[in-house]
Amino acid sequence: MSLPSVRRVAVIGGSRIPFARSDGPYATASNQDMLTAALDGVVERFGLQGAGDVGEFAAGAVLKHSRDFNLAREVVLGSGLDSRTPAYDLQQACGTGLQAVISVANKVMLGQIESGIAGGADTASDAPLGVNDELRKVLLAARRARSVGGRVRALTRVRPGHLVPDIPRNAEPRTGLSMGEHAAVTARAWGITREAQDELAARSHQRLAAAYERGFLDGLVVPFRGLERDQNLRPGSSVEQLARLKPVFGVEAGGATMTAGNSTPLTDGAAVALLASEEWAAARDLAPLAYLTACETAAVDFVHGDVADGEDGLLMAPAYAVPRMLEKAGLGLADFDFVEVHEAFASQVLATLAAWEKRGLGTVDRERLNVAGSSLATGHPFAATGARIVATLAGLLAERGRPGRGLISLCAAGGQGVTAILERD
């Protein structure tokens, strides 16, 4: 049996719903509702309703209910895709969407499928509430009881305090620190200033607003539940306005610089990207926007590194993944026309850029960084961000109308990072 040949993987397009702040317009929308809307957007735009039009669908969510156990497949069954399209879930925290893209791309590259759609969704509004652990034990004991009397005796152990649910926390299990508190430690370690963070945040809003105004996002964003643009977008955002906000992370340590304005808010949303072989695209007269040519993942020991001095901060894995990826590709930062760094926090973006420079990669031209805005402006539904960035970057490369190259860098909970390269001939 011969091994399959390696083929180029084209990014054909993408679709997402406008991202919304939690407990807002999408408060009653499930991951399935949002992801179905995003998937239908790309299905309708590219006419993918026919049998066998898409090889598979891969997606995930970070905050999942038990009813989401087969999320991707259920989304297919409720969408315009052929119901015989295989689907599967995956999850790597904030890197989920990009990992889904990479998973589909690998199968296209190896000839296992001709096309696939990848992405993710997350709702902070409808986060799953866990049953109090003591109540869970009582209920399990009642279930195991072999008689009605035994069940009643078990249930008499229920106390009022058992009815308080376990609320999901944005904290790392190994450290107990929230993502923001970890980022604050990293910001101090790298000397990231408040002014630099506010400047980056304001620019993100301004650039996203400009992208909407010039129509760049017309083919990428589909209306959902009354929203046509990202709810978090503040077109008039300025450094002066952001400077008035009080710090919210790292306050106890003193010298805090991170505010609600230079950090991403809790967000609801979904996004997908369409990938395919060149043959599949040509047969449908679809012009590839760009090609996925490289990827790399990394992880850091944030449990000791971040708490100690920030060198291996929770969100700093791209500081290692990108140098490895560029070395393998024989490229430097100067070879990229666009650099897309996920903006979990402005401080994390700036620390990542500083780490790349420290590791000898050089500086990133700010005119090439997140040129259509990023997560500080759009918001950040955890599993959706990767597909949003892939589709956006591919669109930016195509918009230029000439050969180019773009870098993607995503940090993720658990001290992980997912990175990739897109190129256009």
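In this report, the structure presented in the accompanying data block is examined. These numbers were taken from a predicted model, which means no experiment stands behind them.

Comments concerning the overall build of the protein
Phase 1: Secondary structure assignment for the protein yields 14 helices and 12 strands.
Phase 2: By the compact-globule yardstick of 22 Å for 425 residues, the protein fits well, its C-alpha radius of gyration being 22 Å.
Phase 3: Dimensions of the protein, computed from the C-alpha atoms along their principal axes, are close to 75 × 60 × 50 Å.
Phase 4: Counting every position in the protein, which comprises 425 residues, the buried fraction comes to 56%.
Phase 5: Within the protein, contacts between residues at least 6 apart in sequence are counted, and of these 79% link residues at least 24 apart.
Phase 6: A total accessible area of about 17,600 Å² is found for the protein, and carbon and sulfur atoms account for 52% of it.

Some thoughts on helix 4 (residues 133–144)
Phase 1: Over its 12 residues, helix 4 runs 17 Å from end to end, which matches the ideal 16 Å to within 8%, given 1.5 Å per residue.
Phase 2: Those residues of helix 4 that sit buried are L135, V138 and A142. In a view along the axis of helix 4, the buried residues occupy a sector of 60°, so they form one face of it. Of the residues in helix 4, the exposed ones pointing more than 90 degrees away from the buried face are R143 and R144.
Phase 3: Residues of helix 4 that are buried sit in contact with helix 5 (148–155).

Re the pattern of salt bridges
Phase 1: Summed over the entire model, instances satisfying the criterion amount to 21 salt bridges.
Phase 2: Put simply, D89 and K64 hold a salt bridge, and the shortest N to O gap is 2.7 Å. With a gap of 25 residues between them, D89 in strand 4 (residues 87–89) and K64 in the loop between strand 3 (56–60) and helix 2 (71–77) connect regions that are remote in the sequence.
Phase 3: For K64, a relative accessible area of 28% translates into the label partly exposed.
Phase 4: The partner of E199 in a salt bridge is R203, and the shortest N-O contact between them spans 2.8 Å. Of this pair, E199 and R203 both sit in helix 7 (residues 194–213), 4 residues apart, which is roughly one turn of the helix.

Details of the pairing of strand 9 (residues 290–299)
Phase 1: Relative to strand 9, strand 1 (residues 9–16) runs antiparallel, the two sharing 3 bridges. By the bridge assignment for strand 9, V9 is matched with L292.
Phase 2: Here strand 9 pairs with strand 12 (residues 416–424) via 8 bridges, running antiparallel. The residue bridging C295 from the neighbouring strand is A420, located in strand 12.

Comments concerning unusual backbone geometry
Phase 1: Backbone geometry at R225 places phi at a positive 50°, although glycine is not the residue there.
Phase 2: For R225, the position within the fold is in the loop between helix 7 and helix 8 (239–242).
Phase 3: R225 sits in the partly exposed class, given a relative accessible area of 40%.

Let's talk about the environment of V341
Phase 1: Considering the arrangement of structural elements, one finds V341 in strand 10 (residues 338–341).
Phase 2: Here V341 is in contact with Q348, V349, W356, L369, N370, S374 and S409, once residues within four sequence places are set aside.

Focus: the packing of helix 11 (residues 318–329) against helix 12 (residues 346–358)
Phase 1: It is the contact of helix 11 with helix 12, at a shortest axis distance of 9 Å, that shows an interaxial angle of 45°. On the basis of the axis angle, helix 11 is oblique to helix 12. Where helix 11 crosses over helix 12, the handedness of that crossing is right-handed. Residues P318, A319, V322 and P323 of helix 11 form the contact with helix 12, whose own contacting residues are T352, A355 and W356.
Phase 2: Residues that form the contact of helix 11 with helix 12 fall into these classes: 6 nonpolar, 1 polar and no charged.

Thoughts on the nonpolar core
As a rule of thumb, nonpolar side chains are buried together in soluble globular proteins.
Phase 1: Ranked by internal contacts, the top residues of the largest apolar core, which has 41 residues, are L98, V101, L217, V390, I408 and L422.
Phase 2: Put simply, the parts of the chain that give this core at least two residues each are strand 1, helix 3 (96–109), helix 7, strand 8 (267–276), strand 9, helix 14 (385–400), strand 11 (404–412) and strand 12.
Phase 3: What V101 contacts, discounting residues up to four positions off in sequence, is A118, A273, L275, L292 and V390.
Phase 4: Formed by 37 residues, the second largest nonpolar core is a distinct cluster that contains F57, A87, A121 and L274.

Overview of the pairing of strand 5 (residues 115–122)
Phase 1: Across the 8 residues that make up strand 5, a large majority, 8, are buried.
Phase 2: On strand 5, burial covers both faces: S115, I117, G119 and A121 on one face and G116, A118, G120 and D122 on the other are all buried.
Phase 3: In this sheet, strand 5 lies alongside strand 3 in parallel orientation, the contact comprising 5 bridges. Across the sheet, E56 pairs through a bridge with G116, a residue of strand 5.
Phase 4: Of the pairings in the sheet, the one linking strand 5 to strand 8 comprises 8 bridges and is antiparallel in character. Pairing of I117 across the sheet is with L274, part of strand 8.

Focus: the packing of aromatic side chains
Phase 1: Enumeration according to the criterion identifies 2 aromatic pairs in this entry.
Phase 2: Measuring from centroid to centroid gives 5.0 Å for Y26 and F224, while their planes differ by 70°, and the two rings are edge-to-face. Pair noted here: Y26 is in the loop between strand 2 (20–21) and helix 1 (31–46) and F224 is in the loop between helix 7 and helix 8, with a separation of 198 residues, a long-range link.
Phase 3: With a centroid separation of 5.9 Å and 85° between ring planes, the pair formed by F249 and F345 is classed as edge-to-face. Placement of the pair is F249 in strand 6 (residues 247–249) and F345 in the loop between strand 10 and helix 12, with a sequence separation of 96 residues.
Phase 4: Look at F345 and you get buried, because its relative accessible area is 5%.
Phase 5: Between the NZ or CZ atom of R16 and the centre of the ring of F19, over which it lies, the distance is 4.6 Å.
Phase 6: Against the face of Y320 rests R359, its NZ or CZ located 4.5 Å from the ring centre.

Calculation notes
- Residues numbered from 1 in each chain as written.
- Predicted model: local features only at pLDDT ≥ 70, side-chain atom pairs only at ≥ 80, totals over all residues.
- Heavy atoms only, no water.
- Helix = DSSP H or I, 4+ residues; strand = E, 2+ residues; numbered from the N terminus.
- Rg over C-alpha atoms; globule rule 2.2 N^0.38 Å.
- Buried < 20%, exposed > 50% of the residue type's maximum accessible area, 1.4 Å probe, protein only.
- Contact = heavy atoms within 4.5 Å.
- Areas by Shrake-Rupley, 256 points an atom, 1.4 Å probe, with all protein chains shown as cover.
- Expected span 1.5 Å × (residues − 1).
- Arc of directions from axis to C-beta.
- Salt bridge = Lys/Arg side-chain N within 4 Å of Asp/Glu carboxyl O.
- Pairing = 2+ DSSP bridges.
- Axes fitted to C-alpha atoms, helices over the stretch in contact; angles between N-to-C directions.
- Parallel < 35°, antiparallel > 145°, perpendicular 65-115°, else oblique.
- Left-handed = near helix turned anticlockwise from the far one by under 90°.
- Nonpolar A, V, L, I, M, F, W, Y, C, P; charged D, E, K, R; others polar.
- Core = buried A, V, L, I, M, F, W, Y, C linked by side-chain atoms within 4.5 Å.
- Phe/Tyr/Trp six-rings, centres within 6.5 Å; stacked < 30°, edge-to-face > 60°.
- Lys NZ or Arg CZ within 6 Å of the ring centre and 35° of its normal.

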